[in-house]
Amino acid sequence: MTTLSQDSCEACRIGAPKVDDAKAHELLQQIPDWSLIEVDGIKQLQRQYKFKNFVTAMAFANQLADIAEAEGHHPGMLVEWGKVTVTWWSHSIKGLHRNDFVMAAKTDRLLD
Ligand SMILES: C[C@H](O)[C@H](O)[C@H]1CNC2=NC(N)=NC(=O)C2=N1
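Residues numbered from 1 in each chain as written. Predicted model: local features only at pLDDT ≥ 70, side-chain atom pairs only at ≥ 80, totals over all residues. Heavy atoms only, no water.

The subject of this paragraph is the site of the ligand. All residues adjacent to the ligand are Gly-72, His-73, His-74, Trp-89, Ser-90, His-91 and Ser-92. Within the backbone of Gly-72, one N or O atom sits 3.3 Å away from a nitrogen atom of the ligand. A distance of 2.8 Å separates a nitrogen atom of the ligand from a polar atom in the backbone of Trp-89. Across the complex, the protein chains shield 56% of the 390 Å² of accessible surface that the ligand would expose by itself. Residues of the shell around the ligand, tallied by class, amount to one nonpolar, six polar and no charged. (Near = heavy atom within 4 Å. Polar contact = N/O pair within 3.5 Å; in protein donor to acceptor, adjacent residues only side chain to side chain. Areas by Shrake-Rupley, 256 points an atom, 1.4 Å probe, with all protein chains shown as cover. Nonpolar A, V, L, I, M, F, W, Y, C, P; charged D, E, K, R; others polar.)

Let us now look at the pattern of salt bridges. Here the structure, examined in full by the defined rule, presents seven salt bridges. Note that Asp-7 and Arg-98 form a salt bridge whose closest N and O atoms lie 2.7 Å from each other. Of this pair, Asp-7 sits in the segment before helix H1 (21-28) while Arg-98 is found in helix H3 (residues 98-109), placing the two residues 91 residues apart along the sequence. The class of Arg-98 is partly exposed, set by a relative accessible area of 22%. The partner of Arg-47 in a salt bridge is Asp-33, with the nearest N and O atoms 3.6 Å apart. (Salt bridge = Lys/Arg side-chain N within 4 Å of Asp/Glu carboxyl O. Helix = DSSP H or I, 4+ residues; strand = E, 2+ residues; numbered from the N terminus. Buried < 20%, exposed > 50% of the residue type's maximum accessible area, 1.4 Å probe, protein only.)

Structurally, Ala-59 is set in helix H2 (residues 54-71). In this structure, the C-alpha to C-alpha distance between Ala-59 and Ala-105, residues 46 residues apart in sequence, is 18 Å.

Dropping the structure here:
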């Protein structure tokens, strides 16, 4: 199995294959702190990160913005005092692509 955090995002266009449930559960083993959620029928990955204040939470969000730009794949982020909720899904396919699992793993690595 390849290490998700070391992969790069591949082009994800309308019609690209979604990750099926069996594959999603296999990939989730590499990102065990993430939850599989469904919003308006769209499967997504979500994790909440805790910080000591708003400034450190915002700094993390900005770091994540930088890697999102570098990979051309962008998360949902809710920045609050002491926490950031990150959500990954692929807008173009209204669901989960392998890219979302790659980016979730890279998000975790920001805190190594
Ligand atoms: C043109 C551009 O690459 C696309 O619109 C990208 C940008 N970032 C994206 N991010 C996410 N999460 N899903 C997408 O479908 C997506 N599309």
